[in-house]
Amino acid sequence: MRIDLHTHSRASDGTDTPAELVRAAAASGLDVVALTDHDTADGWAEAQAEADRVGIELVPGMEISTNHRGRGVHLLAYYVDPTHPPLVAELERILHGRAARVPTMIARLNALGIAITEDDVRRAAAGAVASGRPHVADALVTKGVVPDRTAAFDRYLGWGKPAHVDRYAAPLEAAVRAVAGAGGVSVVAHPWGRGGYGRPEEATLAALKEVGLTGIEVDHQDHDAADRDELRAIARNLDLVVTGSSDYHGYGKQDHDLGCNTTAPAELERLTSARATGTSGARRSE
Ligand SMILES: [Zn+2]
Ligand SMILES: [Zn+2]
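Report on the accompanying structure.

Thresholds, definitions, all that
- Residues numbered from 1 in each chain as written.
- Chains lettered and ligands numbered in written order.
- Predicted model: local features only at pLDDT ≥ 70, side-chain atom pairs only at ≥ 80, totals over all residues.
- Heavy atoms only, no water.
- Buried < 20%, exposed > 50% of the residue type's maximum accessible area, 1.4 Å probe, protein only.
- Helix = DSSP H or I, 4+ residues; strand = E, 2+ residues; numbered from the N terminus.
- Contact = heavy atoms within 4.5 Å.
- Core = buried A, V, L, I, M, F, W, Y, C linked by side-chain atoms within 4.5 Å.
- Donors = N, O, S within 2.8 Å, 3.2 Å for Na, K, Ca; no water.
- Tetrahedral: all angles 85-135°; square planar, octahedral: opposite > 155°, others 65-115°.
- Axes fitted to C-alpha atoms, helices over the stretch in contact; angles between N-to-C directions.
- Left-handed = near helix turned anticlockwise from the far one by under 90°.
- Nonpolar A, V, L, I, M, F, W, Y, C, P; charged D, E, K, R; others polar.
- Pairing = 2+ DSSP bridges.

1. Brief notes about helix H6 (residues 133–142)
Right, so step 1: In terms of burial, H6 is largely enclosed, as eight of its 10 residues are buried.
Right, so step 2: Every buried residue of H6 is accounted for by Arg133, Pro134, His135, Val136, Ala137, Asp138, Ala139 and Leu140.
Right, so step 3: Of the surrounding secondary structure, the elements contacted by the buried residues of H6 are helix H4 (102–111), helix H5 (118–124) and helix H7 (149–157).
Right, so step 4: A positive backbone phi angle near 80 degrees is found at Gly144, which sits one or two residues after H6.

2. Focus: the nonpolar core
Right, so step 1: Judged by nonpolar contacts, the single largest core of 43 residues is most densely connected at Ile64, Leu75, Val80, Val188, Leu205, Leu213 and Ile216.
Right, so step 2: If you tally residues by element for this core, the top one is helix H8 (residues 172–181), at five residues.
Right, so step 3: With sequence-adjacent residues up to four places away left out, Ile216 is seen in contact with Val187, Val188, Pro191, Leu205, Leu231, Ala235, Leu240, Val241, Val242 and Thr243.
Right, so step 4: Ranked by size, the runner-up nonpolar core spans 19 residues in total, among them Val102, Val136, Ala139 and Val165.

3. Points about the coordination of the zinc ion (ligand 1)
Right, so step 1: Donor atoms from the polypeptide that bind the zinc ion (ligand 1) are Glu63 (OE), His74 (ND1) and His190 (NE2), placed at 2.1 Å.
Right, so step 2: All donors of the zinc ion (ligand 1) come from a single chain, and their spacing in sequence reads E-x10-H-x115-H.
Right, so step 3: Between the two metal centres, the zinc ion (ligand 1) and the zinc ion (ligand 2), the spacing is 3.5 Å, with Glu63 acting as a shared donor. Of this pair, Glu63 sits in strand S3 (residues 57–68) while His74 sits in strand S4 (residues 71–78), and the two are 11 residues apart along the sequence.
Right, so step 4: Judged by relative accessible area, His74 falls into the buried class, the value being 13%.

4. Focus on the coordination of the zinc ion (ligand 2)
Right, so step 1: The zinc ion (ligand 2) binds to the protein through His6 (NE2), His8 (NE2), Glu63 (OE) and Asp247 (OD), with metal-donor distances spanning 2.1 to 2.2 Å.
Right, so step 2: Around the zinc ion (ligand 2) sit four donor atoms, and with donor-metal-donor angles ranging over 79 to 172 degrees the site reads as irregular.
Right, so step 3: The sequence pattern describing where the donors of the zinc ion (ligand 2) fall on their chain is H-x1-H-x54-E-x183-D.
Right, so step 4: The exposure class of His6 is buried, given its relative accessible area of 0%.

5. Overview of the packing of H4 against H6
Right, so step 1: The N-to-C vectors of H4 and H6 enclose an angle of 35 degrees; their axes lie 10 Å apart at closest approach. As for the relative orientation of H4 and H6, their crossing is right-handed in sense. Where H4 abuts H6, its residues Val102, Met105 and Leu109 lie against Arg133, Val136 and Leu140.
Right, so step 2: By residue class, the composition of the contact of H4 with H6 is five nonpolar, no polar and one charged.

6. Remarks on the pairing of S3
Right, so step 1: Of all 12 residues making up S3, 10 are buried, and the element is well covered by its neighbours.
Right, so step 2: Relative to S3, strand S2 (residues 32–38) runs parallel, the two sharing seven bridges. Counted as the bridge partner of Val33 is Leu58 from S3.
Right, so step 3: The antiparallel pairing of S3 with S4 creates a hairpin that spans two residues between the two strands, and Arg69 there sits at a positive phi of about 50 degrees.
Right, so step 4: Summarising the sheet, S3 and strand S5 (residues 170–171) pair through two bridges and their orientation is parallel. Bridge pairing in S5 places Asn67 opposite Pro171.

Written as C-alpha cells, this is what we have:
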C-alpha cells in the first residue's frame, strides 16, 4: 500500500490538472494520493471523478498558508468541509492577500528593469484559483529572465529578495482550530523545511496539539536524515501522527516525484480515525 499525502495541481501552483495528477499518481503505483493545493478545494471534484475512474483512493486536502510569530508555516488540512463558513472566510482572506501582492511584485520587478506585466502572470496562472508568487516566477521563466522557478525565488521573489512582498497568512493556532471546526484533521507540512520558516520546536508543536493538531509531515524532501530522526522522536513524544509525502508540483518543482516519500498505512489510519472521532481539543470546546 503506497500513500502520498501532499501534492499540488494547477488549482494552485502545480503544473498538472487535477485529473492528470491523479492519473500520474496511479501510473506511479500509488494506492492513495491526497490533493493538497494551496488554500483551496477547487481541484477536488475533478480529482475525485478521475480517482473513481482509475481506481485509486483520493484524500481531499489543502495546504493552508499560516503565520506563527512572524514566520510562514504551511498547514496541511485533510477531510475538511470546504463550505464551513469560518474556514471559507479564512481561505478567502488568504487568497485575496496572495492575489493582491502580484501588482506590487510586478512593480518592483519593473523597477529592476524587468519587463513583465500582469497579463504575463495571468497567462502563467491559467486554471489556478488565484494568481500568486509561483505564477510570477513561471512568467519570469517564460520571459527567459531566469532558467527555472527556483532561480526566480532565489534571485527575486524569495524572502529578503528585491521583489519580495509580504502578504496575509492565517494565524497558525486559529487555522488549526478552523480545520478541526470544519471536521478535518491538520498536519504541519515540512516543519523544518526551506524558505525561512524557522524550525518549530517541540514546545510549539505540543501547544498546537492542545488546540487540535493531529500530525507532522516528517518524510519530506526538505528534511535530511538527521531532521527526520529528530522529528520522528518529537512525534513519538507528543503522540502525533507521522506522515510522508512528495509535495509534487509536476514540473514546477524538481526532485519531488510522486511517491518519493510515503506515509505508512497505520499512520493514515490514525489520521482518519482522529477525524472520525473528532478527538481534537478544539472540536470539543466548540
Ligand atoms: Zn508547503
Ligand atoms: Zn506543498
